Amino acid sequence: MDLKPKSASVLADSALINKSRLGIQSNMLPCSQSGASFSSSILSAPRKKPGKLDDVRSNGWLDAMQSSSPPRKKIVKDFGVEIASDDSDIAYNSWMLKYPSALNSFDHIINRAKDKKIVIFLDYDGTLSPIVDDPDRAFMSADMHSAVKGVAEYFPTAIISGRSRDKVRELVGLAELYYAGSHGMDIMFPVQETSSIDCSSYIRSTDTQGKDVNLFQPAREFIPMIDEVFKTLVDVTKDIPGAKVEDHKFCTSVHYRNVDENSWLMVAQRVHDVLKDYPRLRLTHGRKVLEVRPVIDWDKGRAVEFLLESLGFSNSDDVLPIYIGDDRTDEDAFKVLRKGNRGYGILVSSIPKESKAFLSLRDTFEVSEFLKSLVKWKEQVDMK
Ligand SMILES: O=P(O)(O)OC[C@H]1O[C@H](O[C@H]2O[C@H](CO)[C@@H](O)[C@H](O)[C@H]2O)[C@H](O)[C@@H](O)[C@@H]1O
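These numbers come from a predicted model, not from an experiment. (Residues numbered from 1 in each chain as written. Predicted model: local features only at pLDDT ≥ 70, side-chain atom pairs only at ≥ 80, totals over all residues. Heavy atoms only, no water.)

A. Quick look at the site of the ligand. Among the 21 residues in the neighbourhood of the ligand, the closest are listed as Asp123, Val132, Glu246, Arg257 and Arg287. Between the ligand and Tyr124, the relevant distance is 3.3 Å, taken from an oxygen atom to a main-chain nitrogen or oxygen of the residue. Protein chains shield 99% of the accessible area of the ligand, which is 570 Å² for the free molecule. Among the secondary structure elements, those contributing two or more residues to the shell around the ligand are strand S9 (252-255) and strand S11 (289-294). Split by residue class, the shell around the ligand holds seven nonpolar, five polar and nine charged. (Near = heavy atom within 4 Å. Polar contact = N/O pair within 3.5 Å; in protein donor to acceptor, adjacent residues only side chain to side chain. Areas by Shrake-Rupley, 256 points an atom, 1.4 Å probe, with all protein chains shown as cover. Helix = DSSP H or I, 4+ residues; strand = E, 2+ residues; numbered from the N terminus. Nonpolar A, V, L, I, M, F, W, Y, C, P; charged D, E, K, R; others polar.)

B. Seen up close, the pattern of salt bridges. A full pass over the atoms with the stated rule returns 22 salt bridges. A salt bridge links Arg163 to Glu246, with the nearest nitrogen and oxygen atoms 3.7 Å apart. Taken as a pair, Arg163 in the loop between strand S3 (157-160) and helix H8 (165-172) and Glu246 in strand S8 (residues 244-247) lie far apart in primary sequence, 83 residues in all. Both residues of the pair, Arg163 and Glu246, count as buried. Of the charged contacts in the structure, one is a salt bridge between Glu221 and Arg280, with a shortest N-O distance of 2.9 Å. One end of the pair, Glu221, is in the loop between strand S7 (212-216) and helix H9 (223-237); the other, Arg280, is in the loop between helix H10 (264-275) and strand S10 (281-286), and 59 residues separate them in sequence. Put simply, Asp123, Lys300 and Asp330 are held in one network by salt bridges that share partners. (Salt bridge = Lys/Arg side-chain N within 4 Å of Asp/Glu carboxyl O. Buried < 20%, exposed > 50% of the residue type's maximum accessible area, 1.4 Å probe, protein only.)

C. Seen up close, the sheet that holds S10. With respect to topology, four strands assemble into an open sheet ordered S8-S9-S11-S10, the strand pairing being antiparallel. What marks the edges here is a single partner per strand, and that holds for S8 and S10. Across the sheet, the mean angle from the axis of one strand to that of its neighbour is 20 degrees, orientation sign disregarded. Here S8 runs beside S9; their pairing, made up of four bridges, is antiparallel. Among the inter-strand pairings, Asp247 is bridged to a residue of S9, identified as Thr252. Seen against the sheet, H10 touches S9, S10 and S11 and runs at an angle of roughly 10 degrees to S11. (Pairing = 2+ DSSP bridges. Axes fitted to C-alpha atoms, helices over the stretch in contact; angles between N-to-C directions. Contact = heavy atoms within 4.5 Å.)

D. Main features of the nonpolar core. Residues Phe121, Ile187, Val267, Val271 and Leu307 are the most contacted members of the largest nonpolar core, which totals 58 residues. If you tally residues by element for this core, the top one is H10, at six residues. There are two domains that each give this core at least three residues, and those are domain 1 (85-218 + 298-383) and domain 2 (222-294). Other than its neighbours up to four places away in sequence, Phe121 contacts Ala158, Ile160, Val304, Leu307, Leu308, Pro321, Ile322, Tyr323 and Ile324. (Core = buried A, V, L, I, M, F, W, Y, C linked by side-chain atoms within 4.5 Å. Domains from an automatic or database assignment.)

E. Looking closely at helix H12 (residues 331-339). Within H12 the residues assigned to the buried category are Glu331, Asp332, Ala333, Phe334, Val336 and Leu337. Of the residues flanking the end of H12, it is Asn341, one or two places downstream, whose phi is positive at about 45 degrees.

F. Representation of the domain arrangement of the chain. When the domains of the chain are assigned, the result is domain 1 (85-218 + 298-383) and domain 2 (222-294). Each partner contributes to the roughly 1,600 Å² buried at the junction of domain 1 and domain 2, and carbon and sulfur atoms together form 52% of this total. Counting across the interface, domain 1 meets domain 2 through three salt bridges. Where domain 1 meets domain 2, there are six residue pairs in polar contact (both at pLDDT 80 or more). Grouping the amino acids of the side of domain 1 that touches domain 2 by side-chain chemistry returns five nonpolar, seven polar and eight charged. (Buried area = accessible area lost by both parts, 1.4 Å probe.)

G. Local environment of the pairing of S11. Counted residue by residue, S11 has six buried out of six residues, so it is predominantly covered. Where S9 meets S11, four bridges bridge the pair, whose relative direction is antiparallel. Bridging across to S11, Thr252 finds its partner in Val292. In the sheet, S10 pairs with S11 via six bridges, with the strands oriented antiparallel. Bridge pairing links Leu283 to Val292 in S11. Hairpin connection from S10 to S11: two residues lie between these consecutive antiparallel strands, with Lys288 at a positive phi of about 55 degrees.

H. Structural view of the environment of Ser164. Following the sequence through the fold, Ser164 ends up in the loop between S3 and H8. Judged by its relative accessible area of 14%, Ser164 falls in the buried class. Linking Ser164 and Leu275, residues 111 residues apart in sequence, is a C-alpha distance of 21 Å. Once residues within four sequence positions are removed from consideration, Ser164 is found in contact with Gly181, Ser182 and His248. At a separation of 3.2 Å, a polar atom in the side chain of Ser164 contacts the main-chain amide nitrogen of Lys167.

I. Seen up close, the side chain of Glu291. Considering the arrangement of structural elements, one finds Glu291 in strand S11. Buried and unpaired, Glu291 has no salt bridge, with Arg293 as the nearest side chain of opposite charge at 5.9 Å. For Glu291, the side chain forms a polar contact with the side chain of His183, separated by 3.2 Å. Once residues lying within four places of it in the same chain are set aside, the contact partners of Glu291 are His183, Thr252, Ser253, Arg282, Leu283, Thr284, Gly286 and Thr329. (Lys, Arg positive; Asp, Glu negative; His and termini not counted.)

Spelled out as structure tokens, the structure:
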């Protein structure tokens, strides 16, 4: 990708006012032509309490791995009782009192959307594509593809994924969307006048069609470190059958979905031992995946705020953001929306789970139904 310096004309004073809302300090985010230096306010995030570094049992890694993406049977077992599937349904239905179905709450949503611009944020894995064993084969159905395409025709729509931006862009295959990869640490957004983002925080680039775009990459300086760690992780896990390491440029993932459960401890210990040498990296847990990422104060929630600002929706009274996601990393985005009572976080889950989301959808099928309902509603409104 062609990275080139931005023109000085992009340096608008008004933009400098708004960056503070994002926690970006102008003196720390040079209008970087190399993109090498970024905000120390982002970089200086304290590392979460490390726990006992030499024991993956006592620091909670193994517990987190065991509870990650549990099958229905496991959840039932965790309550220590044999529950028939009818009882699981009862548990799910009572959970839905706290997290009502977004499909059943549709009228409520569109009532709130009156005179507001809906902006859609979508996670990828487990939200648009069902969870499958092979991350390289996590495809969207044709139905989902057309639902996402439809929704993007009417509403600004962004994908925010843990995968690399290029990879998720390739999987979704729609040029009209905005993409944020690596848990929001790699955001491509359009060049437009309405953006209130300080120019010093991003670099100018071109997309695959040669169009001018902006790139916000707050962890850019970590690229060589992530590359090194990725290679080391590949090396130290190569003898563990089923382990798979993915490179997302600004973060890296170690999958253990296909590893025998008896070897999970070994996976955790190997990753842990590698990370001991990298105090500027931290670990988070996803669905049967260990995610290694820089210790910076940036996550999917910050990415949502950034995209709203960069797309010109900084006035929260005019906009109704809807974020749909299934994973722990999506909770950061749910928190942002809940905090400002700004819109709707929608958790995709077929099992009861604590969440900061307001609403729920059971699975990817319901996600596509919800997106299609939005399109149908918008078409009717526009016809009036
Ligand atoms: O933020 P997301 O778009 O949800 O990405 C999070 C991780 O998703 C992928 O892993 C998950 O989906 C795989 C395919 O269904 C599944 O095999 C794996 O067990 C899940 O964790 C992706 O491969 C990861 O790199 C992302 O971090």
